[in-house]
Protein chains: 2
Amino acid sequence: MSRDPLEELLETLRCLPGVGARTSQRMAMHLLERDRQGGRRLADALATAMRDIRRCQRCRNFTADELCRVCSNPQRSDNIVCVVESPADVLAIEAATGFQGRYFVLLGRLSPLDGIGPEELGLDLLERRLGNEPIEELIIATNTTVEGEATAYYLQEMAKRHGVGISRLAQGVPLGGELEHTDRSTLAHAFASRLPLRD
Amino acid sequence: MSRDPLEELLETLRCLPGVGARTSQRMAMHLLERDRQGGRRLADALATAMRDIRRCQRCRNFTADELCRVCSNPQRSDNIVCVVESPADVLAIEAATGFQGRYFVLLGRLSPLDGIGPEELGLDLLERRLGNEPIEELIIATNTTVEGEATAYYLQEMAKRHGVGISRLAQGVPLGGELEHTDRSTLAHAFASRLPLRD
């Protein structure tokens, strides 16, 4: 006998991050009672995405084609490449900034203890791009964690070998944040890196 | 040109209740990066559930068969029927209590202004059951909202006509709750309905 479809749905919804028993139940009831059309569309979208989405050949971001939308866009500049850890970082930068260059998605960060070295992050591919493409600036936008910083250092050395300029996202107090609630190391860094104001 | 599968996934995930742009993105990235197998299984479960799940012929709960698991279980008592508003209420009662009777799921509550009358709630089906089945007690477990109370009153009158006993879930201060944080009307009701303690 096969499993009950409702039980199967309640259980599989829990593979979504942040979804426990209660949320799973709320989601299933909502779709069954009020949005079967949406449920069917979600089933199709999930099946298609899981089957078709793969890595862009050039920047390793998610795409259903050989090249992602950014890499295949002839309007964007080939002279500047932003290196990020994950596809979510690309979405965040696209949504927040007017960046018009290309990306490189590491899909992780250097972490030798977990067996993640330069090859797992596709850094050989990035090195080839630094050699073959007219890249003038590499923006390093890895996270500011220990592994992210180690990865940034590695990228910096690589860019230097190819004579490519390097920049790093500014670090400091977040905009709209209150000093009182800023964590100690961010505050210490921002204080030490204070900038003189011009008249 | 068809839509980008990633964009389609990000958008359709938002048909889930409580899922906005950020959560949708987190869910999509999680499935794509770390749990494609789970994503495929969820797609299948959703498609099956949306296609196969319908109403139980006897109690109107969700099921993939003609009768739901409770109705088709010969071990459960036919003498006692619990009336609830939604399938989620059945799950809650099954999880919390040792109830061994049958259910009737209204899938709503009386709300004449919204065009929801006795027929929309399948109350003709319940009336037939009251006439044909050996029901001795009807437990009214509608919500304690205005519409829920109106529905409860209607059910009460119906049960009386068939000479069937009626009960209603006890109302009062929730267990483990603090008086200080109990809402005023609950506290007033619990106070007025206080029970004498026996030695």
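This structure is a prediction, so every number in the text was calculated from the model and none was measured. (Residues numbered from 1 in each chain as written. Chains lettered and ligands numbered in written order. Predicted model: local features only at pLDDT ≥ 70, side-chain atom pairs only at ≥ 80, totals over all residues. Heavy atoms only, no water.)

Engineer: A description of the relation of the copies chain B and chain A should follow, citing residues and the corresponding values.
Structural biologist: Least-squares fitting of chain B to chain A yields an RMSD of 0.1 Å, with the transformation described by 0.0 Å of translation along the axis and a rotation of 180°. Interpreted geometrically, this transformation is the action of a two-fold axis. Within chain B, Ala43(B) has its C-alpha nearest the rotation axis, a separation of 2.1 Å. A share of 100% of the interface residues of chain B reappears at the interface of chain A, consistent with the copies meeting face to face through the same patch. (Least-squares fit on C-alpha atoms with pLDDT ≥ 70 in both. Contact = heavy atoms within 4.5 Å.)

Engineer: Tell me about the pairing of strand E3 (residues 80-84) of chain B, and name the residues and values.
Structural biologist: Residues and elements named next belong to chain B. Of all 5 residues in E3, 5 are buried; the element is thus mostly enclosed. Along E3, one buried face is formed by Ile 80, Cys 82 and Val 84 and the opposite face, lined by Val 81 and Val 83, is buried too. In terms of strand pairing, E3 meets strand E5 (residues 137-140) through 4 bridges, oriented parallel. Bridging across to E5, Cys 82 finds its partner in Ile 139. Note that E3 and strand E4 (residues 102-105) share 4 bridges and pair parallel. Of the residues in E4, the one forming a bridge with Cys 82 is Tyr 103. Following the backbone out of E3, through helix H4 (residues 87-96) and into the adjacent parallel E4, one traces a crossover that is right-handed. (Buried < 20%, exposed > 50% of the residue type's maximum accessible area, 1.4 Å probe, protein only. Helix = DSSP H or I, 4+ residues; strand = E, 2+ residues; numbered from the N terminus. Pairing = 2+ DSSP bridges. Right-handed = clockwise from strand over helix to strand, strands pointing away.)

Engineer: Describe the sheet that holds E4(B), with residues and values.
Structural biologist: All names here are of chain B. The 4 strands lie next to each other as E4-E3-E5-E6, forming an open sheet whose pairing is parallel. Among the strands making up the open sheet, the edge pair consists of E4 and strand E6 (165-168). Pairs of neighbouring strands in the sheet enclose a mean axial angle of 25°, with direction left out of account. On top of the sheet, helix H5 (residues 123-132) reaches E3, E4 and E5; it is set at about 155° to E4, its chief contact. (Axes fitted to C-alpha atoms, helices over the stretch in contact; angles between N-to-C directions.)

Engineer: An account of the interface of chain B and chain A is requested, with residue identities and associated values reported.
Structural biologist: Contacts between the two partners involve 46 residues from chain B and, on the opposite side, 46 residues from chain A. Both sides together, the interface formed by chain B and chain A hides about 4600 Å², and carbon and sulfur atoms give 71% of it. Summed over the three residues of chain B that lose the most area to chain A, namely Pro17(B), Met50(B) and Phe62(B), the buried surface amounts to 14% of that side. Applying the counting rule to chain B against chain A returns 6 salt bridges. Glu11(B) serves as the salt-bridge partner of Arg41(A), at 3.3 Å between the closest nitrogen and oxygen. Our count for the contact surface shared by chain B and chain A stands at 8 residue pairs in polar contact (both at pLDDT 80 or more). The element best represented in the side of chain B that touches chain A is helix H3 (residues 36-52) of chain B, accounting for 13 residues. Partitioning the side of chain B that touches chain A into residue classes produces 27 nonpolar, 7 polar and 12 charged. (Buried area = accessible area lost by both parts, 1.4 Å probe. Salt bridge = Lys/Arg side-chain N within 4 Å of Asp/Glu carboxyl O. Polar contact = N/O pair within 3.5 Å; in protein donor to acceptor, adjacent residues only side chain to side chain. Nonpolar A, V, L, I, M, F, W, Y, C, P; charged D, E, K, R; others polar.)

Engineer: Provide a residue-level description of the environment of Ala45(A), including the pertinent values.
Structural biologist: With respect to the helices and strands, Ala45(A) occurs in helix H3 (residues 36-52). Not counting chain neighbours up to four residues away, the residues in contact with Ala45(A) comprise Glu8(B), Leu9(B) and Thr12(B).

Engineer: Please give an account of the packing of aromatic side chains that cites residues and values.
Structural biologist: Residue and element names in this part refer to chain A. In this structure the tally under the stated criterion is 2 aromatic pairs over all chains. Each ring, one from Phe 99 and one from Tyr 103, has its centre 5.2 Å from the other, and the planes form 70°; the classification is edge-to-face. As far as burial versus exposure is concerned, Phe 99 and Tyr 103 are alike and both buried. Across the ring face of Phe 191, the terminal group of Arg 194 is positioned such that the distance to the ring centre comes to 5.5 Å. (Phe/Tyr/Trp six-rings, centres within 6.5 Å; stacked < 30°, edge-to-face > 60°. Lys NZ or Arg CZ within 6 Å of the ring centre and 35° of its normal.)

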